[in-house]
Amino acid sequence: MTKKSIANVDVANKTVFVRVDFNVPLDDAGNITDDRRIQMALPTINSVLDRGGKIILASHLGRPKDAPDPKYTMKPTAVRLAELLKKPVEFATDTVGPDAKAKVAGLKDGGILVLENLRFQPGEKNGDDAFARELAAFADIYVNDAFGTCHRTDASMYAVPKAMGAKPKVCGFLVEKEIKYLSSAIANPQRPFVAIIGGKKVSDKIMVIKNLLGICDKVLIGGAMAYTFSLAKGEKVGNSLVEQDKVDLAKELLAFGGDKLVLPADTHCSDKFAADGNKKIVKSGEVPDGFEGLDIGPETAKLYADIVLGAKTVVWNGPMGVSEMPPFDAGTKAVAEAVAKSGSVSIIGGGDSAAAIQHLGFADKVSHVSTGGGASLEMLEGKKFAAVDVLDNA
């Protein structure tokens, strides 16, 4: 899946449409509480500016109902971007309306324009061709740098590059890096190749587990999904979170995985979902009535850490327990520390595991922390992305 990069395109005196992921969290007053997604786009933005191009940035934010909603305006992202770049950033109060058209026409080389929220237009989610043609007409070059949305076929992700015709359609540096790690490292992994899959539900990650069992040397299971596997083996799970309707599926995965599928050896459980409950460490499959498993136990943490330390490639998606509530964060901490120390090509899927590795201070000790939870999961499943396929091949 090698695609042409923005680095390989002449942008001087050209208008470059960059689909970014500026879907940042905002507080009730509309202030950005975490600007990492804006910062992740800076290398692509600076590359275009440094080489004499002009940029139109487009993104969605939140979930407006296909109509303008002041709560979801992109204006705060334009303000924050100007602060980060230390230069003016223009903002259009619409996407393809009179303000956007006037400001696109007035853009000078080295200029930046942020369009209003794409999802204020019903044509965005619907993948509308007419809306896409209007956006495509703004630019000479299309850049996809929004990995978090790459698994979708929204107009700005798929119909716009299609509407660009023979004009260049390329990856930004962020998408290029995500593809390199999530696609290439998995297609040609250094071995041993170990996957760590956690989180609440087996149902969320069935296809990921199945795909990874076909290519990994070991798949380590943690989080609440481990109790559904335990139930499938006829073991005692107490009040642990389980998916009763996925027990047969768990049995199939156990049979399919064989020795590759590694389940917890012990469990840290409590008689209530709180830090101050009565806590016990029990053997896996022996959770007492009235107790629920909230983390892998210390024996499992050591077992998993030892397997990870011997790996050459590691993929991790999902925490090992209730990682936001000590002491049930111990399993996630032990795994994160082992991944950081392993010296492996280490790829952290988006979502909770990405948040955990950041929070624990190990983000700079792993190879790659994905920016897209849903997108990284679908890539681990081996799915094709139409929004990536439509880009020019290298």
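Each chain carries its own residue numbering, running from 1 in the written order of its sequence. With the structure being a predicted model, the display of local features is reserved for residues of pLDDT at least 70 and the display and counting of side-chain atom pairs for 80 or more, all residues being used for whole-chain, interface and lining totals. Only hydrogens and water are set aside; all other atoms, that is, all heavy atoms of the structure, feed into the side-chain values.

Side note on the environment of Leu380
And step 1. Residue placement: Leu380 occurs in helix H14 (residues 373-380).
And step 2. The buried label goes to any residue with under 20% of its type's maximum accessible area, the exposed label to any with over 50%, and the partly exposed label to all in between, with areas taken from a 1.4 Å probe on protein chains only. Taking the relative accessible area as the measure of exposure, Leu380 reaches 1% and is therefore buried.
And step 3. With 172 residues separating them in the primary sequence, Leu380 and Val208 have C-alpha atoms 5.8 Å apart.
And step 4. Should any heavy atoms of two residues lie within 4.5 Å, those residues are considered in contact. Those residues in contact with Leu380, other than ones at most four positions away along the chain, are Leu182, Ile186, Val208, Asn211, Val315 and Asn317. Per the convention used, a helix needs a DSSP run of H or I reaching at least four residues, while a strand needs a run of E reaching at least two, with both numbered from the N terminus.

With respect to the nonpolar core
And step 1. Grouping buried Ala, Val, Leu, Ile, Met, Phe, Trp, Tyr and Cys residues that are joined through side-chain atoms within 4.5 Å yields what is termed a nonpolar core. In terms of nonpolar packing, the biggest core is built from 65 residues, with Phe17, Leu115, Leu135, Ile209, Val219, Ile221 and Phe229 touching the most fellow members.
And step 2. Considering each element in turn, this core owes the most residues, six residues, to helix H7 (residues 173-187).
And step 3. When residues no more than four places from it in sequence are discounted, the contact partners of Leu115 are Phe17, Ile56, Leu57, Ala58, Met74, Phe91, Ala92, Asp94, Thr95, Ala100 and Leu135.
And step 4. Counting residues in each nonpolar core, the second largest holds 31 residues, with Val9, Val48, Val89 and Phe120 among its members.

Brief notes about the pairing of strand E15 (residues 313-317)
Each regular strand carries side chains that alternate between the two faces of the sheet.
And step 1. For E15, a buried count of five out of five residues is recorded, marking the element as mostly surrounded by other parts of the structure.
And step 2. Neither face of E15 is exposed, since Thr313, Val315 and Asn317 on one face and Val314 and Trp316 on the opposite face are all buried.
And step 3. One requirement defines pairing of two strands: DSSP has to find at least two bridges between them. Relative to E15, strand E7 (residues 193-197) is paired through five bridges, and the arrangement is parallel. Note on E15: the bridge partner recorded for Val194 is Val314.

Focus: the environment of Val20
And step 1. Inspection of the secondary structure assignment puts Val20 in strand E1 (residues 15-20).
And step 2. Judged by its relative accessible area of 1%, Val20 falls in the buried class.
And step 3. As for Val20 and Thr95, which are separated by 75 residues in sequence, their C-alpha atoms are 14 Å apart.
And step 4. Not counting the four nearest positions on each side in its chain, Val20 is found in contact with Ala41, Leu57, Ala58, Ser59, Asp145 and Ala146.

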